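Overview (structure and organization)
What follows is the residue order along each chain.
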Amino acid sequence: MYDQVTPRRRLPIGLLAWVLAGALLLAAVVGTVWVLNHDLSPGNASAQGSAEPSATAGTPEASLVSAPASPEPSPTPSTPPPPPTPTVVTLQGAASGRCLDVPGGAAVDGAALQIYDCNGSAAQQWAASTSGELRTLGTMCLDDPSGGQPGGPATVWTCHGAANQQWSPQADGTVRNVATGLCLDVANALVDNGTPAIMYTCHAGANQQWSVS
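These lines cover the structure that appears in this document, whether it is placed above or below. The residue count restarts for each chain, going from 1 along the sequence in the order it is written. At least 70 in pLDDT is required for a residue's local features to be given in this predicted model, at least 80 for side-chain atom pairs to be given and counted, and no such filter applies to totals for whole chains, interfaces and linings, which use all residues. Side-chain measures here rest on the full set of heavy atoms in the structure, leaving out hydrogens and waters.

When its secondary structure is counted, the chain shows 3 helices and 14 strands. When each of the 213 residues of the chain is scored for burial, the buried share is 25%. In this description, contact between two residues means that some pair of their heavy atoms is separated by no more than 4.5 Å. In the chain, the proportion of contacts linking residues at least 24 apart, taken out of those at least 6 apart, comes to 51%. Computed with the Shrake-Rupley method and a 1.4 Å probe, the accessible areas treat only the protein chains shown as cover for residues. In the form shown here, the chain has an accessible surface area of approximately 14200 Å², with 62% of it arising from carbon and sulfur atoms. A run of H or I in DSSP becomes a helix once it reaches four residues, and a run of E becomes a strand once it reaches two; helices and strands are each numbered from the N terminus. The classification of residues rests on relative accessible area computed with a 1.4 Å probe and restricted to protein chains. Under 20% of the type maximum is buried, over 50% is exposed, and intermediate values are partly exposed.

Looking now at the sheet that holds strand β9 (residues 155-158). DSSP calls a pair of strands paired once it identifies at least 2 bridges connecting them. On the basis of which strands lie adjacent, the open sheet formed by 6 strands has the order β1-β6-β7-β8-β9-β4 and antiparallel pairing. Both outer strands of the open sheet, β1 (87-89) and β4 (111-112), are each paired with one neighbouring strand and no more. Here 2 bridges tie strand β6 (residues 126-128) to strand β7 (residues 134-136), and the two strands are oriented antiparallel to one another. Paired with Ala127 across the two strands is Arg135, which belongs to β7.

Moving on to the pattern of salt bridges. By convention in these notes, a salt bridge is any Lys or Arg side-chain nitrogen within 4 Å of a carboxyl oxygen on Asp or Glu. By the definition in use, this model includes 2 salt bridges. Asp117 is paired through a salt bridge with Arg98; the nearest N and O atoms lie 2.8 Å apart. Separated by 19 residues along the polypeptide, Asp117 in the loop between β5 (114-116) and β6 and Arg98 in the loop between β2 (91-93) and β3 (99-101) bring together distant segments of the chain. Residue Asp117 is classed as partly exposed on the basis of its relative accessible area of 36%. Salt-bridge contacts for Glu133 lead to Arg135; the nearest nitrogen and oxygen are separated by 2.9 Å. With relative accessibility at 6%, the residue Glu133 sits in the buried group.

With that settled, consider the state of the cysteines. Disulfides are defined as cysteine sulfur pairs within 2.5 Å. What the rule picks out here adds up to 3 disulfides. Across a sulfur-sulfur distance of 2.0 Å, Cys99 and Cys118 are joined as a disulfide pair. As the torsion about the S-S bond is roughly 95°, the Cys99-Cys118 disulfide counts as right-handed. Placement of the pair is Cys99 in strand β3 and Cys118 in the loop between β5 and β6, with a sequence separation of 19 residues. Covalent S-S linkage joins Cys183 and Cys202, the inter-sulfur distance amounting to 1.9 Å. Measuring handedness by torsion sign, the sulfur bridge of Cys183 and Cys202 sits at about 100° and is right-handed. One end of the pair, Cys183, is in strand β12 (residues 183-186); the other, Cys202, is in the loop between β13 (197-200) and β14 (210-212), and 19 residues separate them in sequence. On the accessibility criterion, Cys183 (0% relative accessible area) is buried.

Given below as structure tokens:
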């Protein structure tokens, strides 16, 4: 007669599932605690703090904050208007009908003037400046060298702006020097070509009257 074999006792499947679930839950809890402790440790805290982005001088954000504002562009200065063009005139003697003339058109200091047939040449053109000069031949001015003594010649001299080169046309037709008060005159009231122009005491005679045109 064979011995009767007693079958082994097996754990129920449901109990085994509960055991496994409990083990997994315990492992999850332990893992969570370890992670939390690791993240909150002083070393990690400083690492996290140093990982924060900071603006440096080389970044565009820093440049926008620290760069000074661009200055407003200064207005472009306006170009001043050019000086007015001097009025070019001739001085024609009322008695002779001839014009005040630089002999030979010589632009020489001290050249004595004359009257001569009006011909429109540069030697008979006088540019009236705003300061009262009568300029001719570029750099020469009608000049009274008399020092106030009547009878001396009227001349041209390099323009220098002094009062003896400034002239004041009068309502009676005379042309008076600002420095001496003498008038531009045709010597001895003659009317011939080549008659000298002189400086003389103003009397408004025909030989001291000039048509400025």
